[in-house]
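# Structural description and commentary
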Amino acid sequence: MTETGTRPAEAAVRPVPKPAARRAGALAARAAAVLAKRVLMLVVLLALVFAAIELLPGDAATATSERGEGAAGVAARRRLLGLDRPVWERFWDWITALPTGDLGTSARGERVGDLLAAPLPNTVLLGGTAFVLTVLGALALGAWAAARPKGLVDRAVDLTSTAAFALPEFVVAVGLLLVLSLWTGWLPAATVTGADGAPATWTMLVMPVLALTVPQTGWNTRIVRGALADQAATPHVEAARLDGLTTRQVLLRHALPGAWPAIATGVATSTGMLLGGTVVVETLFNHPGIGTVLAGAVADRDTPVIAAVVACSAALITVVLLLADLVRARTLGARS
Amino acid sequence: MDFTRRQLLAAGGGLGASALLSACGGDGAAPAAGGSPRQGGTLRIGALGRPSAITRDPHGTQGNESDYLVIALVYDTLTAPGDKDNTVGRLASAFTPSKDLRTWRFTVAEGAAFHDGTPVTANDVVWSLRRLRGTPSGAARLPGVTADHITADGKRTVVLVSDYPNAELPLLTRLSTFVLKKGTAGKDIPEAPGTGPFKLDWYRDGNARLVRNADWHGGAVHLDAVEVTMFQSPQAMSNAMLSGQIDVASNVGAVAARTAKARRDIRIVRRPDDMAMPIVMRTSSGPFADPKVREAMKLLVDREAMVAQVLSGYGTVANDILGTGDPAYAKDIPQRKRDLARAERLLTDAGFDFSRTYQLVTTEDVAGLAESATLFASQAREAGVRIEVVKQESGAFYQKTWLKGDFYTNYWGTNDSVVFFASKTLTTGAGQNEADWSDTAFDAAYRKVMATADRAARAAALRDLQRIEHERSGYLLWGMADGIDLAAPKVHGLPKLPGYGRVQLENVWLAP
């Protein structure tokens, strides 16, 4: 919160005007630098994933072998999976093949790329819908609350958004299941897919999306509300208000533009939380996404699959963070 | 419970009550009550599975029940779990041993054909069995039979020669001897035609739709189609069942049964003798090496309480003999009951150290396993025996404790053969001798069973074997968990067999 709180203040500092071309060039260089930093971070993160799985008890050979197999069988399996080689060597092989699009082979002998091809779009659909709803919901609620500070709506939104953020996805999901499906029978309790691999009906998406949206909307509403409050204290918003503009005009035309960087950063960090939440939500609703693949892969100590899921999610998060940076840069640029 | 059992009886019809309680008597093919089987309809069935563990290869390691279900509907094994006999023919119509019980001849069923119309030949079977044998776990799946000892004799006979006399070889061909066309290329395996009661319509990410094979060699198949949905958790599957999205929740477990109990529109199908969760005591060294100590442990467990609390009542009390579903299981050996006074006397006689705390290692691999250890520990406390339960993660357990530890819990899913356990876990030097038990009299009884073709003499030897096992083995088997499926009332003819018997859906039919 403190971090996001400082951003609008930063925005108020007006940079020295620059020619447009130089500015674009500087922006590109900055984006490239940020990207390089993020890629490096991703590599470090993946190395940590390899190391962490190494530290877990058991390995893929014991986890995926049949019980009938003796110690010799497990040892042979370990050789087959390359687990007898040092972890850094396996990591190096995997990470150097990554740029070619080769995600490796799972402990059960499937291509990891094939394993993720179908679930990834399902997770993107689930997470994407939840993301859009979160942004819309947070903006609407945050603006509504900011329209009349300390009013009834503001206090109610403050209370409910805090409560919603404090609720884990798991609790929200179980509550939704009980009310919307098992008691009333309005929505199907689990996702069942058809021949095309997508959920059979759109109604199956409602509860998983809501379970992800509710906590994140709580979090982002608070950020929107906070950013708008910071903006309300700035001289230009003050001036707009004194000019006799309507609350709506003041909020949308004068306060909100300055609040964008903070809001963008807030929702960008939600991407990670949303993707993390899918592991729980997908398992509960049987949604065929990568969250469930990840849960199973961890149980199997299936390093290439876990690393591939982490790489995919990290790539998604990186893209969203970059977009947030662009929003920030644009807002600052527009001010110059 | 009575309510459930009554419902089962109503659905079971021609089956005797004993079939429901002990899986003996009756015939899977017998017409069920509620009228005669009706042709048609689509069965929506849920089965457990994880997307990361999906396997399409019939000879691969099937970590998912959903995958195994699909494979078992499309492909036939040589033999299958049965009711009166624990092994019945499937793709093989007959199987006969040589006098020394080393050579077994399997006859391919008359009229057996692949889904594309090609008849099944002995060469297809030989190719498939050799392929199975060549997989990483091939030696465990076809023990004692090397690839070059699998040969064809004419168009319809397959000959298997075991390295040692093996009266139970057909039993070992029940689970994974799926037959594919000779020479099927690796990349074609997932869509390769089978010979089973259903043909694959589509398969996608663990879910599948299958349609009736009207020409199945095993008889008429009632259902038009089966839709298999994979569920990642029993909870999600149970919810789907409760909200009417599926007609059958396969192997969903006791917790789901408890939830569904209040619902009149859902039937709880109990398949007895599904899972054994024995406590293993090391017999060769350590605190349990003295047979008196082991007997004392078997006397201080309160079996009824274990079944009631650990299994929510969905199970039966057992008598320290593994293979409770075997038609030859010795029911006449007196049931061991709780006797704290005698247990304490035995422990004192054996000089048991009451001041020590003994570690009982367990895992959470199957529902109720860790709970069984905890409850046993509290029961032992009543006799002054201090037990500390140590939970280990599955991988670590198999590396550090299994086959090595002094005192641990484990579980077994194939429980319809006494000999299966004897050969795998109880004879001297057996590959998975969990308690490191070595008993000359037991080994002799086992050898006699394996090498005796005469039915009466074999039964006598088998009873001997079970008596010794009951008396002094390293297994404390307090009870057997039921396999539990949930089903809509319109579903009839569901399999009642434990373990992998649950995948036989060819006799299932739907009431209008």
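Look up a bit, the structure's there.
All names here are of chain B. On the basis of which strands lie adjacent, the open sheet formed by four strands has the order S4-S5-S7-S6 and antiparallel pairing. Two strands in the sheet have a free side with no partner beyond their single neighbour: strand S4 (92-97) and strand S6 (150-153). Direction aside, neighbouring strands of the sheet carry axes that sit 25° apart on average. Sheet strands touched by helix H4 (residues 122-133): strand S5 (103-108), S6 and strand S7 (157-161). Its angle to S6, the strand with the most contacts, is close to 180°.

What follows deals with the interface of chain B and chain A. Of the residues lining the interface, 38 residues belong to chain B; the matching set on chain A comes to 39 residues. Together, the buried faces of chain B and chain A total about 3,200 Å²; carbon and sulfur atoms form 52% of this surface. When the area that chain B buries against chain A is broken down by residue, the three leading residues are Ser52, Gln232 and Gln245 of chain B, summing to 18%. Counting the contacts that link chain B with chain A gives two salt bridges.

Think of it this way: side chains of opposite charge can pair up when their charged atoms draw near. All names here are of chain A. Counted according to the given criterion, the structure contains 43 salt bridges over all chains. Salt-bridge contacts for Arg38 lead to Asp325; the nearest nitrogen and oxygen are separated by 3.8 Å. Here Arg38, found in helix H2 (residues 20-55), pairs with Asp325, found in helix H14 (residues 303-335); they are 287 residues apart in sequence, far enough to count as distant. As far as the burial class goes, Arg38 and Asp325 line up, both buried. Close ionic contact of Arg225 with Asp154 constitutes a salt bridge, the shortest N to O distance being 2.8 Å. Placement of Arg225 in helix H10 (residues 203-232) and of Asp154 in helix H8 (residues 152-166) is noted, with a sequence separation of 71 residues between them. The residues Arg225 and Asp154 share a single accessibility class, namely buried.

Residue and element names in this part refer to chain A. Its 15 residues place the ends of H8 21 Å apart at the C-alpha level, agreeing with the 21 Å of an ideal helix rising 1.5 Å per residue. Three or more residues of H8 are buried, namely Asp154, Val157, Ser161 and Ala164. One face of H8 carries all of its buried residues, which in axial projection span an arc of 100°. Turned more than 90 degrees from where H8 packs its buried face, Leu152, Arg155, Leu159, Thr160 and Ala166 sit exposed. Structurally, H8 contributes buried residues whose contacts are with helix H7 (119-147) and H10.

Moving on: the packing of helix H15 (residues 440-451) of chain B against helix H16 (residues 455-472) of chain B. Two numbers describe a pair of packed helices, the interaxial angle and the distance between the axes. Residue and element names in this part refer to chain B. Direction vectors running N to C along H15 and H16 enclose 155°, while the axes themselves pass 8 Å from each other. Between H15 and H16, the interaxial angle falls into the category roughly antiparallel. Handedness of the crossing formed by H15 with H16: left-handed. In this structure, H15 contributes Ala441, Phe442, Ala445, Tyr446, Lys448 and Val449 to the contact, and H16 contributes Arg458, Ala461, Leu462, Asp464, Leu465, Ile468, Glu469 and Arg472. Residue composition of the contact of H15 with H16, grouped by class: nine nonpolar, no polar and five charged.

Within the secondary structure, Ser233 of chain B is located in the loop between strand S10 (225-231) and helix H7 (234-242). Leave out the neighbours within four places in its chain, and Ser233 of chain B touches Thr283 of chain A together with Leu48 of chain B.

We now examine the pairing of S5 of chain B. All names here are of chain B. Residues of S5 alternate between two faces, with Trp104, Phe106 and Val108 buried on one and Thr103, Arg105 and Thr107 left unburied on the opposite face. As defined by bridge partners, S4 adjoins S5 across five bridges and the pair is classed as antiparallel. The residue of S5 that forms the bridge with Pro97 is Trp104. Hairpin geometry of S4 and S5 is characterised by an intervening segment of five residues between the two adjacent antiparallel strands and by a positive phi of about 60° at Leu101. As defined by bridge partners, S5 adjoins S7 across five bridges and the pair is classed as antiparallel.

With that settled, consider a nonpolar patch on the surface. Residue and element names in this part refer to chain A. A surface patch of nonpolar side chains, about 340 Å² in accessible area, is lined by Leu27, Val319, Leu323 and Leu326. As for its placement among the helices and strands, Val319 is situated in helix H14. Judged by its relative accessible area of 48%, Val319 is partly exposed.

Residues and elements named next belong to chain B. Counting 96 residues, the largest nonpolar core has Met297 and Phe376 as the members making the most contacts within it. Residues contacting Met297, with those up to four places away along its chain left out, are Met281, Phe288, Leu347, Phe352, Phe376, Val385 and Leu476. One finds Leu73, Tyr75, Ala257 and Ala488 within the second-largest nonpolar core, a separate group that totals 55 residues.

Attention now moves to the environment of Val280 of chain B. Residue and element names in this part refer to chain B. Within the element layout of this structure, Val280 appears in strand S13 (residues 279-281). Judged by its relative accessible area of 0%, Val280 is buried. Along the chain, Val280 and Leu360 lie 80 residues apart, while their C-alpha atoms are 9.3 Å from each other. Setting aside anything within four residues of it in sequence, one finds Val280 in contact with Asp406, Phe407, Tyr408, Asn410, Glu434, Ala435, Gly474 and Tyr475.

Before going further, it helps to spend a moment on empty space enclosed by the protein. Residue and element names in this part refer to chain B. Taken as a whole, this structure holds eight cavities of 30 Å³ or more when the rule is applied. Its boundaries defined by the atoms lining it, the largest cavity holds a volume of some 100 Å³. Lining the largest cavity are 14 residues; nearest its centre among them are Tyr68, Ala72, Thr77, Arg90 and Val503. At the level of secondary structure, the elements contributing two or more residues to the lining of the largest cavity comprise helix H3 (65-74) and strand S2 (79-81). Broken down by class, the residue content of the lining of the largest cavity amounts to nine nonpolar, two polar and three charged.

Definitions and limits used
- Residues numbered from 1 in each chain as written.
- Chains lettered and ligands numbered in written order.
- Predicted model: local features only at pLDDT ≥ 70, side-chain atom pairs only at ≥ 80, totals over all residues.
- Heavy atoms only, no water.
- Pairing = 2+ DSSP bridges.
- Helix = DSSP H or I, 4+ residues; strand = E, 2+ residues; numbered from the N terminus.
- Axes fitted to C-alpha atoms, helices over the stretch in contact; angles between N-to-C directions.
- Contact = heavy atoms within 4.5 Å.
- Buried area = accessible area lost by both parts, 1.4 Å probe.
- Salt bridge = Lys/Arg side-chain N within 4 Å of Asp/Glu carboxyl O.
- Buried < 20%, exposed > 50% of the residue type's maximum accessible area, 1.4 Å probe, protein only.
- Expected span 1.5 Å × (residues − 1).
- Arc of directions from axis to C-beta.
- Parallel < 35°, antiparallel > 145°, perpendicular 65-115°, else oblique.
- Left-handed = near helix turned anticlockwise from the far one by under 90°.
- Nonpolar A, V, L, I, M, F, W, Y, C, P; charged D, E, K, R; others polar.
- Patch = residues over 30% accessible without salt bridge, like charges linked within 9 Å, V, L, I, M, F, W, Y side chains within 5 Å.
- Areas by Shrake-Rupley, 256 points an atom, 1.4 Å probe, with all protein chains shown as cover.
- Core = buried A, V, L, I, M, F, W, Y, C linked by side-chain atoms within 4.5 Å.
- 1 Å grid on protein atoms, 1.4 Å probe; cavity = no way out; pocket = protein on both sides within 12 Å on 5 of 7 lines; lining within 4 Å.
- Points joined across faces, edges and corners; volume = space filled by probe spheres on them.

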